[in-house]
Amino acid sequence: MGSEGTPHANQRKPRFLCLHGFRTSGAILKKQIFDKWPTQVVEKLDLVFVDAPFPCQGKSEVEGIFDPPYYEWFQFNKEFTEYENFDECLAYIEECIIKHGPFDGLLGFSQGAILSGALSGLQDKGVGLTKVPKIKYLIIIGGAKFQNKSVAEKAYSSAITCPSVHFLGEQDYLKKYGMELLESCVDPVVIHHPRGHTIPRFDEKGLEAMISFIEKVHVEINK
């Protein structure tokens, strides 16, 4: 591998706080990403993985695939319209940013992606993350919009203007809702893949789009 695109010694990599999926963990998301994404992507990013604040309150879908413990960011009803521990979740993410930050942006998968896609708007409205710098970039994998009316009104009433990249799986049961999230974003980068609700591998086109996104972020943060 050549040195093209490699940051200079005095330049830093884009730093992302990574929010895992429902009833998984930071370690699981790290394994999923590092197993599936090539070095030319992961070596360009500074990724920090944390566990959600609440221990898993039911069966995890990754049981038997990944080892426990498993965690969840907040709890919700079947329609995904009522949430428990949501304010505690926002406060916890803010604590993580204070403790491990600063960060340039958020990377999220599944429940972590739904949170990541909303946090920019919630921060703008003063609902969450009021003690930390503004979220500037988003990497959304298998995301969707919040369905709770009061959360959605605050999160999406203004356009999400920070640069974002969104992974949409053709067989992902959340694809429809992931596309709804795109409508709230200004000029999002969209990477399609043929799989379901998972961290995808890249095809050539997707890899090109991702590296281009990372390199733009790298230039902006090192100005």
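Residues numbered from 1 in each chain as written. Predicted model: local features only at pLDDT ≥ 70, side-chain atom pairs only at ≥ 80, totals over all residues. Heavy atoms only, no water.

An unreviewed UniProt entry annotates the protein chain as Serine hydrolase domain-containing protein of Datura stramonium.

Hey, could you run me through the overall build of the protein chain in this one?
A count of helical and extended segments in the protein chain gives seven helices and 10 strands. The globule rule puts the C-alpha radius of gyration for 223 residues at 17 Å, and the 17 Å found for the protein chain is close to it. Dimensions of the protein chain, computed from C-alpha atoms along their principal axes, come out at roughly 50 × 40 × 35 Å. Within the protein chain, the fraction of its 223 residues that count as buried is 52%. The contacts in the protein chain between residues at least 6 apart in sequence include a share of 74% that link residues at least 24 apart. For the protein chain, the accessible surface area stands at approximately 11,200 Å², while carbon and sulfur atoms represent 51% of it. Computed over 25 positive and 29 negative side-chain charges, the inter-centroid distance for the protein chain is 2 Å. (Helix = DSSP H or I, 4+ residues; strand = E, 2+ residues; numbered from the N terminus. Rg over C-alpha atoms; globule rule 2.2 N^0.38 Å. Buried < 20%, exposed > 50% of the residue type's maximum accessible area, 1.4 Å probe, protein only. Contact = heavy atoms within 4.5 Å. Areas by Shrake-Rupley, 256 points an atom, 1.4 Å probe, with all protein chains shown as cover. Lys, Arg positive; Asp, Glu negative; His and termini not counted. Charge placed at Lys NZ, Arg CZ, Asp CG, Glu CD.)

Explain the pairing of strand 8 (residues 137-141) to me, please; I cannot follow it from the model alone.
Looking along a regular strand, one sees the side chains alternate between the two faces of the sheet. Taken across its five residues, strand 8 has five buried, putting it largely inside the fold. Burial along strand 8 is two-sided: Tyr137, Ile139 and Ile141 facing one way and Leu138 and Ile140 facing the other are all buried. Pairing of strand 7 (residues 105-109) with strand 8, which is carried by five bridges, proceeds in the parallel orientation. Bridge assignment links Leu106 to a residue of strand 8, and that residue is Leu138. (Pairing = 2+ DSSP bridges.)

Which parts of the structure should I look at to understand unusual backbone geometry?
The bulk of non-glycine residues show a negative phi, and the bulk of peptide bonds are trans. Here Pro68 and Pro69 are connected by a cis peptide whose omega angle stands at 5°. With an omega dihedral of 5°, the bond running from Gly101 to Pro102 counts as a cis peptide bond. Within the secondary structure, Pro102 is located in the loop between helix 3 (86-100) and strand 7. For Arg23, which is not glycine, the phi torsion reads 55° and is therefore positive. As for its placement among the helices and strands, Arg23 is situated in the loop between strand 1 (15-19) and helix 1 (26-36). The buried category is assigned to Arg23, whose relative accessible area is 17%. Despite not being glycine, Leu129 shows a phi value in the positive range, around 55°. Assignment of secondary structure puts Leu129 in the loop between helix 4 (111-124) and strand 8.

For this particular structure, what's the right way to read helix 1?
Structural remark: α-helix, 3.6 residues per turn; residues separated by three or four positions point the same way. Restricting attention to buried positions, one finds in helix 1 the residues Gly26, Ile28, Leu29, Gln32 and Ile33. Projected onto a plane normal to the axis of helix 1, the buried residues spread over an arc of 165° and lie on a single side. (Arc of directions from axis to C-beta.)

Whenever I open this one, the sheet that holds strand 2 (residues 46-50) confuses me. Can you help?
In any sheet, the strands associate via hydrogen bonds between backbone groups, in a parallel or an antiparallel arrangement. Spatial strand order, 2-1-7-8-9-10: six strands in an open sheet with parallel pairing. The sheet terminates laterally at strand 2 and strand 10 (189-193), the two strands that pair on one side only. Looking at each pair of strands side by side, their axes are set apart by 20° on average, direction ignored. Taken together, the four bridges between strand 1 and strand 7 define a ladder with parallel strand orientation. Across the sheet, the residue bridging to Cys18 is Leu107, located in strand 7. (Axes fitted to C-alpha atoms, helices over the stretch in contact; angles between N-to-C directions.)

Just to check I follow, could you spell out the side chain of Thr24 for this structure?
Structurally, the position occupied by Thr24 is in the loop between strand 1 and helix 1. When residues no more than four places from it in sequence are discounted, the contact partners of Thr24 are Val62, Pro69, Tyr70 and Tyr71.

What is the right way to read the pattern of salt bridges from this model?
Close approach of charged atoms allows side chains of opposite charge to pair. Summed over the entire model, instances satisfying the criterion amount to seven salt bridges. Note that Arg15 is salt-bridged to Asp46, the shortest N-O span being 2.8 Å. Of this pair, Arg15 sits in strand 1 while Asp46 sits in strand 2, and the two are 31 residues apart along the sequence. (Salt bridge = Lys/Arg side-chain N within 4 Å of Asp/Glu carboxyl O.)

What is the right way to look at the UniProt feature "domain: Serine hydrolase" (unreviewed entry) in the protein chain in this model?
This chain's UniProt record puts "domain: Serine hydrolase" (unreviewed entry) on residues 12-203. Measuring from the first to the last C-alpha atom of residues 12-203 gives 27 Å, for a span that is 32% helix and 20% strand. (UniProt positions renumbered as here; feature names shortened; annotations may be inferred.)

Any chance you could explain the side chain of Ser120 here in plain terms?
Here Ser120 shows up in helix 4. When its relative accessible area of 2% is taken as the criterion, Ser120 is described as buried. The residues contacting Ser120, other than those within four sequence positions of it, are Lys134, Ile135, Ile160 and Cys162.

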